[in-house]
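# Results of the structural survey
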Amino acid sequence: MIHKILPPKQISRMLLCLMSLVCYHTALIAQNHDPADSPASGSTLRVTHILGFEGISNNATGDLAIQGDALRFQKSEGSSAQIAIGSIQDVILGEENKQVGGLKMTLVRSATPYGGGRVIGLFSHKKYDTLTLEYLDPNGGFHGAIFQLNKGRGQVLRSELEAVRAHVAAKHSGDQE
Amino acid sequence: MKSNRKASLTAAILMLQAAVQSPVLAGTKRSVADQWSMQVGKVEPGRVNIEPAFRVAIYENLLDELAKTKQFKQVLRSGDRNATGRPDLLILKTTVEEYAPGSETRRAVTTVSGATKLKVRTQLCTREGQIVLERVLSGNVRFFGGNLRATHNLARKVANAIKQSTVPEITPSVREQ
C-alpha cells in the first residue's frame, strides 16, 4: 500500500530520518540529568535500592542520607529504614552500564526495521555507580545491600561514610580507580 | 460400552487425584525438611575474581528464594546468633566456580555476545560437617535484563535443587541435644 503512495527511495529516506530522530532522542535521555537525581542537600543522595536493605522493596527509589550515627533510606512514597553506621562492615564501589528507557525503549528497539534497534541500543545506555554495603543486624546476621547512584556520586557517599568512621576496607577488586 | 470406558476413566482420574492429595505420599518429603532450619553462609569467591556486588546479590537472593520454598522452619543469615546451639541446623555453603561479567549494552547491540554467566558449587551440610547435598549450578542472562538478574536465576535454581532433594530425617540423638 505504502509503495503505491511513495517511491521506495523516499521510504528509505523517511526511515533514515526516523531512525536518526530516535537515536537523538535516546542519546538525550541517556545524558539527561534529572534535577531529582542530584543531591538535595550536603549528605542526601538520590539512589535506587537494587536489593538487600532490610524493610525496603527491591528497585525502590529514594534518598540515602547520613543522619547522626545512622544511614537512612527514605523511600519516595514515605516509608523508610535505617541502619547504624557502626554496623557497617564494608562499603564497596562498582560501576554498571545499563540500558535506559525501560520496556518502551525495548519495544521501540525491537520494532525498528533493518537492524535499527541495534543502533538505538548503542546510544540508549547510561553509566551508573553501584554501592554495595555490607552490614550486620542486631542479631549479628550478615546483610548486603546494593544501591545504584548517578555516576560520580558513589565516591561522595563512600567518603562521607569514611568521615563518620564507618568501617571501609582499603581497596577491592571491584572498586573504581 | 462407551459409557463404561468413560466411567472407568473418571474413576482412574479420581483415584490418582486422591493419591496425590494423600498425606502419606505427598507430605513425607516435606515434613522431613520442615524439621530443619537453614543457615545461608556468605558466598565464597573461590579462585574467581567476582565483583562484590554479585557475591552480595547471590547471598541475598538465596535467602529470599529459600524462604519462598517454605521447606525450612527458619532461614537464618550467616553469623546470626539464633543459629548457635541449634541442633536442627543445615548450613548452605556456596563457592563461585565461574564468572563472566557480561554487558547489557553488548547484549542489546549484538544479541549473541555479552551474556553474564555464573557457576557455583553449593553444599548443604549438617552442623557436624556431613554433606547432605552437593550441586554445581549456573545462572545466566543472555538477552533481556540487567547483569544482576543472573544472581536471581541462580538462586532460584539452588532453591529448586534443595526443594527437590531428599533431606535426611533428624536423628533422635540430634533431637535430644
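Residues numbered from 1 in each chain as written. Chains lettered and ligands numbered in written order. Predicted model: local features only at pLDDT ≥ 70, side-chain atom pairs only at ≥ 80, totals over all residues.

## Re the overall build of chain B
If you tally the helices and strands in chain B, you get seven helices and five strands. From first element to last, N terminus to C terminus, chain B shows the α and β order α-α-α-β-α-β-β-α-β-β-α-α. Out of the 177 residues belonging to chain B, those deemed buried represent 33%. Long-range pairs, those at least 24 residues apart, make up 66% of the contacts in chain B with a sequence separation of at least 6. (Helix = DSSP H or I, 4+ residues; strand = E, 2+ residues; numbered from the N terminus. Buried ≥ 20, exposed ≤ 12 C-beta atoms within 10 Å, placed from the backbone. Contact = placed C-beta atoms within 7 Å.)

## Some thoughts on the overall build of chain A
Helix and strand counts for chain A stand at five helices and seven strands. Listed N to C, the secondary structure of chain A is α-α-β-β-β-β-β-α-α-β-β-α in terms of helices and strands. Per-residue burial for chain A yields a buried fraction of 30% across its 177 residues.

## Section: the interface of chain A and chain B
Taken residue by residue, the interface counts 26 residues in chain A and 23 residues in chain B. Of all elements in the fold, only strand 1 (44-51), strand 5 (88-99), helix 4 (116-123), strand 6 (125-136) and strand 7 (142-150) of chain A reach the threshold of two or more residues within the side of chain A that touches chain B. A per-class count over the side of chain A that touches chain B returns seven nonpolar, 16 polar and three charged. (Nonpolar A, V, L, I, M, F, W, Y, C, P; charged D, E, K, R; others polar.)

## Remarks on the confidence of the model for chain B
Residues and elements named next belong to chain B. Mean pLDDT over chain B works out to 83, with 80% of the residues at or above the 70 mark. By mean pLDDT, helix 2 (residues 23-26) is the weakest element of chain B at 44, and strand 2 (residues 75-76) is the strongest at 96. Of the regions scoring below 50 in pLDDT, residues 22-29 engages in five contacts with residues more than four places distant in sequence or in other chains. Interface confidence in the predicted complex, given as ipTM, is 0.78; pTM for the same model is 0.76. (pLDDT = per-residue confidence, 0-100.)

## Here's the deal with the sheet that holds strand 2 (residues 60-67) of chain A
Residues and elements named next belong to chain A. With antiparallel pairing, the seven strands of this open sheet are ordered in space as 4-3-2-1-7-6-5. A single partner strand is all that each edge strand has here, and the edge strands are strand 4 (80-84) and strand 5. In this sheet, adjacent strand axes meet at a mean angle of 30° when their direction is disregarded. Relative to strand 4, strand 3 (residues 70-75) is paired through five bridges, and the arrangement is antiparallel. Paired with A70 across the bridge in strand 4 is A84. Relative to the sheet, helix 5 (residues 153-163) contacts strand 1, strand 2, strand 5, strand 6 and strand 7, its axis offset from that of strand 5 by approximately 175°. (Pairing = 2+ DSSP bridges. Axes fitted to C-alpha atoms, helices over the stretch in contact; angles between N-to-C directions.)

## A word on unusual backbone geometry
Residues and elements named next belong to chain A. Phi is positive for R165, which is not a glycine, with a value near 65°. Locating R165 in the fold gives a position in the segment after helix 5. A count of 11 C-beta atoms within 10 Å places R165 in the exposed class.

## Thoughts on the sheet that holds strand 2 of chain B
Residues and elements named next belong to chain B. Taking strand neighbours across the sheet as the criterion, the five strands line up as 2-1-3-4-5 in an open arrangement whose pairing is mixed. Each edge of the open sheet carries a strand with a single partner, namely strand 2 and strand 5 (131-141). The pairing of strand 3 (residues 89-100) with strand 4 (residues 116-126) spans ten bridges and is antiparallel. When the bridges of strand 4 are listed, A100 appears paired with K117. The strands touched by helix 4 (residues 52-69) within the sheet are strand 1 (37-44), strand 2 and strand 3, with strand 1 carrying the most contacts at an inclination of about 165°.

## So, the pairing of strand 2 of chain A
Residue and element names in this part refer to chain A. Pairing between strand 1 and strand 2: six bridges, direction antiparallel. If you follow T48 over to strand 2, its bridge partner there is T61. Where strand 2 meets strand 3, six bridges bridge the pair, whose relative direction is antiparallel. By the bridge assignment, I66 is partnered in strand 3 with L71. Between the antiparallel neighbours strand 2 and strand 3 lie two residues, among them G68 with a positive phi of about 65°.

## Considerations on the pairing of strand 1 of chain A
Bridge analysis of strand 1 of chain A against strand 7 of chain A gives three bridges, and the strand direction is antiparallel. Across the sheet, A:L51 pairs through a bridge with A:I146, a residue of strand 7 of chain A.

## A closer look at the environment of A:E54
All names here are of chain A. Along the chain, the position of E54 falls in the loop between strand 1 and strand 2. For E54, a count of 13 C-beta atoms within 10 Å puts it in the partly exposed group. Sequence spacing of E54 and R72 is 18 residues, and the spatial spacing of their C-alpha atoms is 11 Å. When sequence neighbours within four positions are dropped, the list of residues in contact with E54 reads A81, D137 and H143.

## Thoughts on the nonpolar core
Most often, soluble globular proteins keep nonpolar side chains buried together rather than apart. Residues and elements named next belong to chain B. In terms of nonpolar packing, the biggest core is built from 61 residues, with M38 and L62 touching the most fellow members. It is helix 4 that contributes the most residues to this core, nine residues altogether. Beyond its immediate chain neighbours, meaning those up to four positions away, M38 contacts L66, F72, V75, L76, L90 and L92. (Core = buried A, V, L, I, M, F, W, Y, C linked by C-beta atoms within 7 Å.)

## Brief notes about helix 6 (residues 149-164) of chain B
The α-helix advances 3.6 residues per turn, and as a result positions three or four apart in sequence lie on the same side. All names here are of chain B. Taking 1.5 Å of rise per residue, 16 residues should cover 22 Å, and helix 6 covers 23 Å from first to last C-alpha, within 8% of that figure. Looking only at helix 6, the buried set comprises A150, T151, H152, L154, A155, V158, A159 and I162. On the buried face of helix 6, the contacting elements are helix 4, strand 4 and strand 5. (Expected span 1.5 Å × (residues − 1).)

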